[in-house]
Amino acid sequence: MFVAIKDLCEHVGQTVTLRGWLYHRRDSGKIAFLVLRDGTGLCQCVVPKSPQTQGFFEQARRLGQETTLKVTGVVRANEKQIGGHELDVTALEVVGESSDYPITPKPHGIDFLMRHRHLHFRSRRQWSILRVRHSVVDEIRQYYNRNGFTLIDTPIFAPAAGEGAQTLFQVDYFGEPVYLAQTGQLYVETACMAFGKVYCFGPTFRAEKSKTRRHLTEFWMVEPEVAFADLDEVVDLAEDFVCAIVARVLRDHREDLAFLGRDVADLEAIQKPFHRLTYSQAAEMLRGPKARALLERDLADKKARVEELGRLMSEKESQAGGQGVKQWKRDKLAAEVAAHREERTDLEEVIRNIPHHAELAANFQWGKDLGGSDETIISRLHDRPVFVTHYPRDVKAFYMKKNEQDERLVNNFDLLAPQGYGEIIGGSQREDDYDVLSERINALGLDRKDYEWYLDLRRYGSVPHGGFGLGVERTVAWLCGLKHIRETIPFPRMMGRFYP
Ligand code: 4AD
């Protein structure tokens, strides 16, 4: 009987067959231990040298990493083993050979791993991250479906910019230029006038020319849009939605989060109400003593950690070079040293940047958009997500609703995730007044003919409305506690990276 590893608990004492790939192998000469991975979990399969295993014991000892196998045996509960069960093997069949698998337990640099991304996501860490992504995507769909939103698929080929001309990817469309969609928003706005509450969910494209830990050129975004909603209603929706995603990940992924080293207490603290600040209050905060103290403490902590890493690395290097150290132990130490080295390189860069970020914050001028480092500071000064609302009109998109009390502002918000993760949502109330929107399109020098259809929404039954966009990858990076966004999507696309 073929059984999935995740279901082994229902088969203790029975003979079953597992199908999967050899994740790891070691042997003591008398027993071979084969850790099998089947996509649902990992299970250690035990092959003792005995008359019963005579036919395949030697073969088991020589199997290459990632060989595909069918392994038959008796299920035994063992709390101490990965997954809580072991298989006492009675038969073994090789389905697909594998030798010299390129990703070994030895350390590999991130570039190497990304070039082998097609194999990389067989690893335990990637498996956990992409499972969390799966649940985030599933919860997004379920959340909107159960709350009365209609899914509207928006086009990928767009005639004009939705979010600023600097990040457009141009495509030749039978001799005419069109652009890969930066957002589906303008289209879901049309749909909300037909269905009331709608959302689109798909890939979006931005020609981001900088390599940062927060930017991809292709990312997934969900964009709800609600007719008759003002800014407060849209903010409340975003808050409820983010709580639902966090609750789902905590419900289904505690083991994955633990494996990734994510402190779940930080996620358990994500409860309503989130903090709400205006842009002007955020600007004050950046210039104030709390931000300065945070960065000073940060600099001291990071320098101390760099020293500690230096100490750990030399200890482990001399341990690995000692006599009689087994090869597996050497590999383990080498992997740890490589991880420490990577962390040190990252920290050294952070240390170099802190004075610059401190200066940017201290001299923050009202009217500028918040930069990545500004968002990091604000988000680190809060234990829960923070809504920053009412930005200066001049730094925001043309479609945002002008604030009635202060014409310099728009009714918009960004949601910053805590612990320095920064913006995961951008949203706003939309300009529903024909004259104001039309004047804005002209003032910004946008080509009016591209937006006539969009202006029609303000000609025929205009209504206050608003929505937002949540980036899946930034959300997954935050939930999993990852430093970089590149591991949150199966095949990341960034400047200089589009293989495989
Ligand atoms: O703030 P943004 O640009 O908002 C919009 O696109 C609006 N049209 C959304 C709307 O109101 N319907 O982007 C929204 C979110 C960001 O908060 C971020 O999570 C993600 O999209 N995002 C990116 N994620 C990865 N790489 C990039 N280059 C991203 N740019 C934006």
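Heads up: the structure comes first, above all this text.
Anyway, here's the lowdown on the structure attached to this text. What you see is a predicted model, and the numbers here were worked out from it, not measured in a lab.

Looking now at the nonpolar core. The biggest cluster of nonpolar side chains holds 47 residues, and the ones touching the most others in it are Ile 140 and Trp 478. Residue contacts for Trp 478: discarding those within four places in its chain leaves Val 242, Val 246, Arg 262, Leu 267, Ile 270, Pro 385, Ala 417, Pro 418, Gln 419, Tyr 421 and Ile 424. With 22 residues, the next largest nonpolar core counts Leu 22, Leu 34, Leu 36 and Val 71 among its residues.

A full pass over the atoms with the stated rule returns 21 aromatic pairs. For the pair Trp 453 and Tyr 454, a centre-to-centre distance of 5.8 Å together with 65° between the ring planes defines the contact as edge-to-face. Look at Trp 453 and you get partly exposed, because its relative accessible area is 28%. Tyr 454 sits in the buried class, given a relative accessible area of 0%. Site record: aromatic cluster; members linked through ring pairs are Tyr 143, Tyr 144, Phe 149, Tyr 199, Phe 241, Phe 274, Phe 387, Phe 413 and Phe 468. The lysine or arginine in question, Arg 131, covers the ring of Trp 127, its NZ or CZ lying 4.2 Å from the ring centre. We note Arg 408 situated over the ring of Trp 366; from NZ or CZ to the ring centre the distance is 4.3 Å.

Bringing the environment of Leu 119 into the picture now. Mapping Leu 119 onto the fold places it in helix α3 (residues 117-120). Taking the relative accessible area as the measure of exposure, Leu 119 reaches 14% and is therefore buried. Apart from the residues within four sequence positions on either side, Leu 119 is in contact with Tyr 101, Pro 102 and Ile 103.

In this section: the pattern of salt bridges. This structure, assessed with the given rule, holds 48 salt bridges. One salt bridge connects Asp 298 with Arg 380, and the closest N-O pair in it is separated by 2.8 Å. A residue pair is termed long-range when its members are at least 10 positions apart, and Asp 298 in helix α10 (residues 289-321) and Arg 380 in helix α12 (residues 372-380) qualify at 82 residues. On the basis of relative accessibility, which here comes to 32%, the residue Arg 380 falls in the partly exposed class. Here the residues in one salt-bridge network are Asp 138, Glu 139, Arg 146, Arg 248, Arg 251 and Asp 252, joined through shared partners.

A separate point is the site of the ligand. Taken together, 24 residues surround the ligand, and among them Glu 163, Gln 185, Arg 206, Glu 223 and Glu 423 come closest. Here an oxygen atom of the ligand and a backbone polar atom of Ile 424 are 2.8 Å apart. With respect to the ligand, the backbone of Gly 471 contributes an N or O atom lying 3.2 Å from an oxygen atom. Here the ligand has 630 Å² of accessible area as a free molecule, and 94% of this is covered by the chains.

Turning next to the side chain of Thr 67. In this fold, Thr 67 is placed in the loop between α1 (57-62) and β4 (68-77). Of the residues examined, Thr 67 reaches a relative accessible area of 2% and is grouped as buried. If sequence neighbours within four positions are ignored, Thr 67 has contacts with Gly 20, Trp 21, Leu 22, Val 94, Gly 96, Glu 97 and Ser 98.

Turning our eyes to something else, we now look at helix α5 (residues 185-195). Residues spaced three or four apart along an α-helix face the same direction, because each turn holds 3.6 residues. Buried within α5 are the following residues: Gln 185, Leu 186, Val 188, Glu 189, Ala 191 and Cys 192. Contacts from the buried residues of α5 go to β10 (197-205), β11 (218-227), α14 (452-459) and β16 (465-471). Backbone geometry just after α5 places Gly 196 at a positive phi near 85°.

Here we take up the packing of helix α13 (residues 434-443) against α14. For any two helices packed against each other, the geometry comes down to the angle between their axes and how far apart the axes lie. Running from N to C, α13 and α14 point in directions that differ by 160°, and their axes come no closer than 9 Å. It follows from the interaxial angle that α13 and α14 lie roughly antiparallel. Pair α13 / α14 crosses with right-handed handedness. Note on element contacts: α14 touches α13 through Tyr 454, Leu 455, Arg 458 and Arg 459, opposite Tyr 434, Leu 437, Ser 438 and Ile 441. When grouped by side-chain class, the residues that make up the contact of α13 with α14 number five nonpolar, one polar and two charged.

Along the chain, His 382 turns up in the loop between α12 and β13 (386-389). His 382 sits in the buried class, given a relative accessible area of 11%. C-alpha of His 382 to C-alpha of Pro 418: the two residues are 36 residues apart in sequence and 6.2 Å apart in space. Among all residues touching His 382, those that are not within four sequence positions of it are His 275, Leu 277, Met 285 and Pro 418.

Rules of the game
Residues numbered from 1 in each chain as written. Predicted model: local features only at pLDDT ≥ 70, side-chain atom pairs only at ≥ 80, totals over all residues. Heavy atoms only, no water. Core = buried A, V, L, I, M, F, W, Y, C linked by side-chain atoms within 4.5 Å. Buried < 20%, exposed > 50% of the residue type's maximum accessible area, 1.4 Å probe, protein only. Contact = heavy atoms within 4.5 Å. Phe/Tyr/Trp six-rings, centres within 6.5 Å; stacked < 30°, edge-to-face > 60°. Lys NZ or Arg CZ within 6 Å of the ring centre and 35° of its normal. Helix = DSSP H or I, 4+ residues; strand = E, 2+ residues; numbered from the N terminus. Salt bridge = Lys/Arg side-chain N within 4 Å of Asp/Glu carboxyl O. Near = heavy atom within 4 Å. Polar contact = N/O pair within 3.5 Å; in protein donor to acceptor, adjacent residues only side chain to side chain. Areas by Shrake-Rupley, 256 points an atom, 1.4 Å probe, with all protein chains shown as cover. Axes fitted to C-alpha atoms, helices over the stretch in contact; angles between N-to-C directions. Parallel < 35°, antiparallel > 145°, perpendicular 65-115°, else oblique. Left-handed = near helix turned anticlockwise from the far one by under 90°. Nonpolar A, V, L, I, M, F, W, Y, C, P; charged D, E, K, R; others polar.

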